[in-house]
Amino acid sequence: MLGLMIKDVYTIKRQFKIVVLMSIFYIGFSILDNNIGFLSFVALFANIGLILPIFSYDEKGQWDKYARILPVSYEKLVLSRYVEVLIVNGVMLAILAPISLFVKQPEQEFLEILSILVVAICIGVILISIMFPIIYKIGMEKARIMIFVIVLVPTCLIATMAKLNININLPQILESPFVKYVSYHLYIICPLIAAVFIALSYQISKAVVAKKEY
């Protein structure tokens, strides 16, 4: 499995340089503007910019057909990608958490900033978990439309609610004891939710690849 992961590293070597440069830019902008939002974007961008291009390159090079004749089980082929997701996000958290000390506002606690980063990383993991089975099923090129729909649907729902004058008393919701409890423990709750998503995603992807003919 280590060989598969090394292959993926070489595959996205050029993409890696782009992601690093863009990340440095946003990290610098986050420090100068004292805005944690840009650090959160880096966490999301790393998932999309490093993981998904691997599928595109493999599809163009017909890697999956070649991989089938290798002495490697399809479980390891799938598992290697999920391990890569965990490694990328673990590295992102290790890098961004210390940097956030230079970004946080005076009234903000480090735990609050850490929660924001953890939530952003977990959102990236959840999105990847949703995308992987779709990509394995229909391929990266066709999956782009599905991915666009996944992002577009929530946006359309929010726009529709605004157009229909559906008012939500957000301040009242945020002040409720349950929401306060959840928001204070997001750094614990979100990783648990992300873990469930990625575990289910792995099982689904494994089943899809087992039945797929190349």
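Per chain, residue numbering runs from 1 following the sequence as it is written. In view of the model being predicted, local features appear only for residues whose pLDDT reaches at least 70, and side-chain atom pairs are presented and counted only at 80 or more, with totals across whole chains, interfaces and linings using the full set of residues. Values reported for side chains reflect all heavy atoms of the structure, with hydrogen atoms and water molecules removed beforehand.

1. Side note on the overall build of the protein chain
So the rule is basically this: Only DSSP runs of H or I with at least four residues qualify as helices, and only runs of E with at least two residues qualify as strands; both kinds are numbered from the N terminus onward. Residues are treated as being in contact if the distance between any of their heavy atoms lies within 4.5 Å.
The secondary structure content of the protein chain amounts to 11 helices and 0 strands. For the protein chain, the N- to C-terminal ordering of α and β elements is α-α-α-α-α-α-α-α-α-α-α. In the protein chain, 81% of the contacts between residues at least 6 apart in sequence involve partners at least 24 apart.

2. Re the pattern of salt bridges
Quick note on the threshold: Salt bridge criterion: a side-chain nitrogen from Lys or Arg within 4 Å of a carboxyl oxygen from Asp or Glu. For every residue, the accessible area obtained with a 1.4 Å probe (protein chains only) is divided by the maximum for its type, and the residue is called buried under 20%, exposed over 50%, and partly exposed between those limits.
A full pass over the atoms with the stated rule returns 5 salt bridges. Residues D8 and K7 are paired through a salt bridge, measuring 2.8 Å at the closest nitrogen-oxygen approach. On the basis of relative accessibility, which here comes to 2%, the residue D8 falls in the buried class. For R81, the salt bridge identified is with D58, shortest N-O distance 2.3 Å.

3. Some details on the nonpolar core
A general tendency of soluble globular proteins is for nonpolar side chains to be buried together. Let me state the cut-off plainly: Residues grouped as a nonpolar core are buried Ala, Val, Leu, Ile, Met, Phe, Trp, Tyr and Cys residues, joined through side-chain atoms within 4.5 Å.
L39, L52, V85, L96, F132, I135 and Y136 are the most contacted members of the largest nonpolar core, which totals 45 residues. For this core, the elements supplying multiple residues, two or more each, are α2 (13–33), α3 (36–50), α4 (52–60), α6 (74–99), α7 (110–138), α8 (140–163) and α11 (186–211). At 15 residues, α7 tops the list of elements feeding residues into this core. Setting aside residues no more than four positions away along its own chain, V85 makes contact with N47, I51, V125, I128, F132 and I198.

4. Concerning the confidence of the model for the protein chain
The criterion, for reference: The pLDDT value tells you how sure the predictor is about a given residue, anywhere from 0 up to 100.
Confidence along the protein chain averages 76 in pLDDT terms, with 78% of residues attaining 70 or more. Confidence, read as mean pLDDT per element, is least for helix α9 (residues 170–174) in the protein chain (44) and greatest for α11 (89).

5. Details of the packing of aromatic side chains
Let me state the cut-off plainly: A pair of Phe, Tyr and Trp rings is counted when the ring centres sit within 6.5 Å of each other, with Trp represented by its six-membered ring. The angle between the planes then sorts it: under 30 degrees is stacked, over 60 is edge-to-face, the rest tilted. In this scheme, the term charge over a ring applies when either NZ of a lysine or CZ of an arginine sits within 6 Å of the ring centre and within 35 degrees of the ring normal.
Scanning the entire structure with this criterion turns up 6 aromatic pairs. Here the aromatic rings of F132 and Y136 are separated by 6.3 Å at their centres, their planes lie at 85 degrees, and the arrangement is edge-to-face. Here Y136 and F132 lie together in helix α7, a separation of 4 residues that amounts to about one turn. Taking the relative accessible area as the measure of exposure, F132 reaches 0% and is therefore buried. On the basis of relative accessible area, Y136 is assigned to the buried category, the value being 9%. Of the aromatic side chains, those joined through ring pairs into one cluster are F55, Y82, F132, Y136 and Y202. Positioned over the ring face of F55 is R81, at 4.8 Å from the centre of the ring.

6. Details of the packing of α3 against α4
This is how it is decided: In this analysis an axis means a line fitted to C-alpha atoms, helices contributing only their contacting stretch, and an angle means the value between N-to-C directions, from 0 to 180 degrees. Should an angle fall under 35 degrees it is called roughly parallel, over 145 degrees roughly antiparallel, and 65 to 115 degrees roughly perpendicular, with every other angle called oblique. Amino acid classes used here: Ala, Val, Leu, Ile, Met, Phe, Trp, Tyr, Cys and Pro are nonpolar; Asp, Glu, Lys and Arg are charged; the rest, including Gly, are polar.
Where α3 contacts α4, the axes come no closer than 3 Å and their chain directions differ by 10 degrees. Between α3 and α4, the angle falls in the class roughly parallel. Each of N47, I48, G49 and L50 in α3 lies in contact with α4, whose residues at this interface are L52, P53 and I54. Grouping the constituent residues of the contact of α3 with α4 by class yields 5 nonpolar, 2 polar and no charged.

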